[in-house]
Structures are given as structure tokens and as C-alpha cells.
Amino acid sequence: MIGFLRGTIARLKADSCLIDVHGVGYRVSISDATRRELAQGKEAQLYTYLSVREDALQLYGFRTEQEYDMFLVLIGISGIGPKVALGILSSITVSRLATAITNQQTSVLTKLPGIGKKSAERLILELKDKLAFAAGPGDEELALMADAPVGDTVLEEASAALAALGFAQNEIAIALRGLESCQTSEEAIKMALKKLSRK
């Protein structure tokens, strides 16, 4: 099994990349979060999972061990395959997903691609005590969101907008810290952008 690949990102697409490892190009499916951390022509390391089926071999790659670990946990749930797991990780950050599962927020989970009510309940039942890796020391984003409902909140909307602008999740978490009193996502975004512009 290929544990990780280290090489140059030769081509970057919406949901995959080609990573050149000593002249061999590996096509790797990636999440949105991983894609934002990569740049074409730059060196990168991806933690990888090799999916083996009768008709295909498919590599899935992740920029962080945390995202890789969550992927493994998700595909261990009945009814969730690699493609669905990758879709989930493209729609929500690891720490927000862990918070939703730990706090048994079914309404958040059912908004994720490929997850219905029964699947959401299964996720909560099987994973609520297995996500310590996703809430380790230094996880600033989880600390930020821990006291707020995960879902259509002001900070969640602001976080999604900032991610769409290309900011990394750790930058977003720090920029949104202390903005819980904002009444609208527009207000939170404006204040967060001021913080980010001072960096």
C-alpha cells in the first residue's frame, strides 16, 4: 500500500491532481481542502489511500494526516465509499465534521452529499467516541466553533465565504476568533478580512 507520495504537482484539476514522483505521474483524487493547499509546479506531499476494485485502482490523497484519518474513519461506515467520503470532506472541514458528530447534530450531517437521515444517525452512533484525532491540541478551528451550533451560523457562512476567496482553514479560524458577537456574516467577513490584511 502506498502510504504517501512526495513530488511536484504537474497538473491540478477541480477534484484531482497529477503528482510527478521521479518521472512517474500519479493521478490522485483530492478534496477541496487539499486542493486549496496545492499549487501547480510546486512540491507537495500527499498521504494516500489506494482503493482497489475489480475494475479499477484509484488513489485518494490528503494534505494532512487529520484529513486522511477522517477519510479512513468515514469509509469504515457501511454505505459510505471513497467517493462519498471525499465529497463529504470537500463540503465540510474535519474539525466541523467532528463537532457535528460529537454534538449529534443530525441536521448538519444531512446537508452533506450522500448523507441521508439514516446515514447521519449511523455516523453519530459509530463515530462519536472515535474522533479524538480530529480535536487534538492546537486545533484552533474546533476551539472556535465548539460553543456555537454547527450549521447555518454567522461564523459558518463567513468561514465558507473566506474559503471561497482562497484563504486556508487555519487562517480563517484565527481571523474569526472573537467575532461571535457579529450579527451578520457580512459583518464577520469584513472584520476577518481586516485581520487578514494586516498579516
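Scroll up a little and you will see the structure.
Sequence order sets the numbering: in each chain, residues are counted from 1 along the sequence as written. The predicted nature of this model means local features are confined to residues of pLDDT at least 70 and side-chain atom pairs, given and counted, to a pLDDT of 80 or more, with totals for whole chains, interfaces and linings taken over all residues. Calculation of side-chain values draws on the structure's entire complement of heavy atoms; hydrogens and water are dropped beforehand.

So, the packing of helix H8 (residues 154-164) against helix H9 (residues 169-176)
Fitted lines through C-alpha atoms serve as axes, helices being fitted only where they are in contact, and the angles separating the N-to-C directions of these axes extend from 0 to 180 degrees. Every helix listed is a DSSP run of H or I at least four residues long, and every strand listed is a run of E at least two residues long, numbered separately from the N terminus. For the pair H8 and H9, the least separation of the axes is 10 Å and the interaxial angle reads 140°. The orientation of H8 relative to H9 falls into the category oblique. Crossing handedness for the pair H8 and H9: right-handed. Only Gln169, Ile172 and Leu176 of H9 make contact with H8, whose side of the interface consists of Leu155, Ala158, Ser159, Leu162 and Ala163. Among the residues forming the contact of H8 with H9, the class breakdown is six nonpolar, two polar and no charged. Note on terminology: angles under 35 degrees are roughly parallel, angles over 145 are roughly antiparallel, angles of 65 to 115 are roughly perpendicular, and the others are oblique. Crossing handedness: left-handed means the near helix sits turned counterclockwise from the far one by under a right angle, and right-handed means the same turn made clockwise. Only heavy atoms enter the contact rule, under which two residues are in contact if any of them lie within 4.5 Å. Three residue categories are used. Nonpolar comprises Ala, Val, Leu, Ile, Met, Phe, Trp, Tyr, Cys and Pro, charged comprises Asp, Glu, Lys and Arg, and polar comprises the others, including Gly.

Points about the packing of aromatic side chains
Aromatic rings from Phe, Tyr and Trp, with only the six-membered ring used for Trp, were paired whenever their centres fell within 6.5 Å, and each pair was classed as stacked if the ring planes differed by under 30 degrees, edge-to-face if by over 60, and tilted otherwise. A complete count under the given rule lists four aromatic pairs for this structure. Counting every residue linked through ring pairs, the aromatic cluster contains Tyr49, Tyr60, Phe62, Tyr68 and Phe71.

As for the sheet that holds strand E1 (residues 4-12)
What makes two strands pair is DSSP finding at least two bridges between them. In spatial order, the strands read E1-E2-E3-E5-E4; together these five strands close into a barrel with mixed pairing. Each adjacent strand pair in this sheet contributes to an overall mean axis angle of 55°, direction not counted. The sheet contact formed by strand E3 (residues 24-30) and strand E5 (residues 57-62) spans three bridges and is parallel. Each residue of the ladder has a partner; that of isoleucine 30, found in E5, is glycine 61.

Let's talk about unusual backbone geometry
Positive phi, normally seen in glycine, also occurs at histidine 22, with a value near 55°. Inspection of the secondary structure assignment puts histidine 22 in the loop between strand E2 (16-21) and E3. Categorising residues by exposure relies on relative accessible area from a 1.4 Å probe, with only protein chains included: less than 20% of the type maximum marks a residue as buried, more than 50% marks it as exposed, and the intermediate range marks it as partly exposed. Judged by relative accessible area, which is 80%, histidine 22 ranks as exposed. Here the phi dihedral of glutamine 104 falls at roughly 55°; this positive angle occurs in a residue that is not glycine.

Comments concerning helix H10 (residues 185-197)
Across its 13 residues, H10 extends 18 Å between first and last C-alpha, which sits within 8% of the 18 Å expected from 1.5 Å per residue. Buried residues along H10 sit in contact with H8 and H9. The length a helix should cover is 1.5 Å for every residue beyond the first.

Digging into the pairing of strand E4 (residues 43-52)
The pairing of E1 with E4 spans five bridges and is classified as antiparallel. Bridging across to E4, arginine 6 finds its partner in glutamine 45. In terms of strand pairing, E4 meets E5 through six bridges, oriented antiparallel. From the neighbouring strand, serine 51 faces E5, where its bridge partner is glutamine 58.

By themselves, these observations are geometric and do not establish any function.
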